[in-house]
Amino acid sequence: MELPVINQQRREFFTQTLYGLGLIACGGILTSLAACEPFTTKVNTGGQATFDTVTGDPDGFLKTVGTGLVVLLKDKDGNSINGAHSVVIMRVGTLDKDEYITLSSRCDHEDCDVVAPVDVGENIICPCHNSQFSPVDGSLVNGPAKTSLVKFANSYDPVTKFLTIFA
Ligand code: FES
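Residues numbered from 1 in each chain as written. Predicted model: local features only at pLDDT ≥ 70, side-chain atom pairs only at ≥ 80, totals over all residues. Heavy atoms only, no water.

A. Structural view of the side chain of S134. Tracing the chain through its elements places S134 in the loop between β8 (132–133) and β9 (140–142). For S134, a relative accessible area of 12% corresponds to the buried category. Within the structure, S134 has its side chain in polar contact with the backbone nitrogen of V136 (distance 3.0 Å). Sequence-distant contacts of S134, that is, excluding residues within four places in its chain, are made with N123, I124, S139 and V141. (Helix = DSSP H or I, 4+ residues; strand = E, 2+ residues; numbered from the N terminus. Buried < 20%, exposed > 50% of the residue type's maximum accessible area, 1.4 Å probe, protein only. Polar contact = N/O pair within 3.5 Å; in protein donor to acceptor, adjacent residues only side chain to side chain. Contact = heavy atoms within 4.5 Å.)

B. Local environment of the state of the cysteines. Applying the stated criterion to the full structure yields 1 disulfide. Each disulfide pairs two cysteine sulfurs, and for C112 the partner residue is C128, the sulfurs being separated by 1.9 Å. One disulfide, between C112 and C128, carries an S-S torsion of -90° and so falls in the left-handed class. Note that C112 is positioned in the loop between β6 (99–104) and β7 (124–125) and C128 in the loop between β7 and β8, a separation of 16 residues in sequence. With relative accessibility at 18%, the residue C112 sits in the buried group. (Disulfide = S-S within 2.5 Å.)

C. Molecular detail of the packing of aromatic side chains. One pass over the structure, following the stated rule, counts 1 aromatic pair. Both rings, one in Y100 and one in Y156, keep their centres 5.2 Å apart while their planes meet at 50°; by these two values the pair is tilted. With Y100 in strand β6 and Y156 in strand β10 (residues 151–157), this pair connects stretches of sequence that are 56 residues apart. (Phe/Tyr/Trp six-rings, centres within 6.5 Å; stacked < 30°, edge-to-face > 60°.)

D. Up close: the nonpolar core. The biggest cluster of nonpolar side chains holds 15 residues, and the ones touching the most others in it are F51, L73, I81, V87, I89 and I165. The set of elements that each furnish at least two residues to this core consists of β3 (48–52), β4 (68–71), β5 (87–92), β10 and β11 (162–166). Contacts of F51, omitting those with residues within four sequence positions, involve G56, D57, L62, L69, V71, L73, I89, K161, F162, L163 and I165. Ranked by size, the runner-up nonpolar core spans 14 residues in total, among them V88, V92, L103 and A116. (Core = buried A, V, L, I, M, F, W, Y, C linked by side-chain atoms within 4.5 Å.)

E. Spotlight on the environment of V71. With respect to the secondary-structure elements, V71 resides in strand β4. Residue V71 is classed as buried on the basis of its relative accessible area, which comes to 14%. In this structure the C-alpha to C-alpha distance between V71 and V87, which are 16 residues apart in sequence, comes to 5.4 Å. Setting aside residues up to four positions removed in sequence, V71 forms contacts with F51, S86, V87 and I89.

F. A look at the pattern of salt bridges. Counted by the stated rule, this structure contains 3 salt bridges. For the salt bridge of K76 with D77, the shortest nitrogen-to-oxygen distance reads 3.6 Å. Of the two residues, K76 and D77, both sit in the exposed class. The residue R106 makes a salt bridge to D111 at a minimum N-O spacing of 2.4 Å. (Salt bridge = Lys/Arg side-chain N within 4 Å of Asp/Glu carboxyl O.)

Pasting the structure below:
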């Protein structure tokens, strides 16, 4: 049903205000942004960056499923898209597909940056106190960290081989 214009304007104003306050309605329930991806990261940084998977990966870590890179990505204005932290890019899936996951490098234990696996079968590891995260989806494998790595949406262009990350 079409809402009267005034109601639409009110709804838009309300939604914008919720974004500004760090709140958004997810599934009809007002909740904190931390539980509501992708808005969680969009509101925190508002950044997006494009990574060249060829020239940005001279050692070829992204050519193997299960290995990856940690890179500091900047938006068009030169600001890090993940605040003080980098982004983990992992090759996932099968070799016949160019599929990547993109994660925040921030470990929630004491804010250290994690390290991407260089060999297949290794986890993503936090070098500070050895928390471990899955190379498949960034989920927490072993603490002392309490939560999984934050996941960012991404989009891969098979022609240019550019990976765009939305943080
Ligand atoms: S900061 Fe990552 S395990 Fe302590």
